[in-house]
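Fold and geometry: a report
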Amino acid sequence: MAGFCQTPDDCDLIAQTGCTAPSACYPGMAGLQCADAGMLGEGVACMYVNDCMPGMGCIGPAAGPSACRAWCDMMVTDPPPCPTGFMCTGVTGLPVGACTPVMP
């Protein structure tokens, strides 16, 4: 039985380019890929990365609840990549971060 190599889709998590609606760019097992876009917004509980709206992913601790969070560029500092009350934190295995709430 023969197989073939499949390259990841050429899409951008932050700019959300490279996918055709109703798909959006999300991280996947083989890298970035286009997948059906979810409709859940900022802070809403989620289970799968593409449960969230384009430009967001389902982020959370391995043993805790996950929520939709916006992707951010960790290399940008001016202007801040996240809204007030959020900070851009690294996401394991990804070249971008996610805007997570600042703990008081």
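Use the structure listed above.
1. So, the layout of surface pockets
- By volume, the largest pocket is sized at about 280 Å³.
- Among the secondary structure elements, those contributing two or more residues to the lining of the largest pocket are strand S1 (23-28), strand S4 (56-59) and strand S5 (66-72).
- A breakdown of the residues in the lining of the largest pocket according to their chemical character gives 11 nonpolar, 4 polar and no charged.

2. With respect to the state of the cysteines
- One pass over the full model with this rule turns up 6 disulfides.
- Residue pairing for Cys72: its cysteine sulfur links by disulfide to Cys88, the two sulfurs lying 2.0 Å apart. Across the S-S bond linking Cys72 and Cys88, the dihedral sits near 95°, which makes this disulfide right-handed. One end of the pair, Cys72, is in strand S5; the other, Cys88, is in strand S6 (residues 86-90), and 16 residues separate them in sequence.
- Given the relative accessible area of 1%, Cys72 is considered buried.

3. A few points about the nonpolar core
- Membership of the largest hydrophobic core is limited to 9 residues, which are Cys11, Leu13, Cys19, Cys25, Ile59, Trp71, Val91, Val96 and Ala98.
- Val91 has contacts with Ile59, Trp71, Val96, Gly97 and Ala98, leaving out every residue within four places of it along the chain.
- Formed by 5 residues, the second largest nonpolar core is a distinct cluster that contains Cys46, Met56, Cys58 and Cys68.

4. Overview of unusual backbone geometry
- Across the junction of Ala21 and Pro22, the peptide omega takes the value 15°, indicating a cis bond.
- Assignment of secondary structure puts Pro22 in the segment before S1.
- Positive phi, normally seen in glycine, also occurs at Gln16, with a value near 55°.
- On the secondary structure map, Gln16 appears in the segment before S1.
- Assessed through its relative accessible area of 22%, Gln16 is described here as partly exposed.

5. Here's the deal with the pairing of S1
- With 6 bridges connecting them, S1 and strand S2 (residues 31-36) associate as antiparallel partners. Residue pairing across strands places Ser23 opposite Asp36, the latter belonging to S2.
- Connecting the antiparallel pair S1 and S2 is a turn made up of 2 residues.

Definitions and cut-offs
- Residues numbered from 1 in each chain as written.
- Predicted model: local features only at pLDDT ≥ 70, side-chain atom pairs only at ≥ 80, totals over all residues.
- Heavy atoms only, no water.
- 1 Å grid on protein atoms, 1.4 Å probe; cavity = no way out; pocket = protein on both sides within 12 Å on 5 of 7 lines; lining within 4 Å.
- Points joined across faces, edges and corners; volume = space filled by probe spheres on them.
- Helix = DSSP H or I, 4+ residues; strand = E, 2+ residues; numbered from the N terminus.
- Nonpolar A, V, L, I, M, F, W, Y, C, P; charged D, E, K, R; others polar.
- Disulfide = S-S within 2.5 Å.
- Buried < 20%, exposed > 50% of the residue type's maximum accessible area, 1.4 Å probe, protein only.
- Core = buried A, V, L, I, M, F, W, Y, C linked by side-chain atoms within 4.5 Å.
- Contact = heavy atoms within 4.5 Å.
- Pairing = 2+ DSSP bridges.

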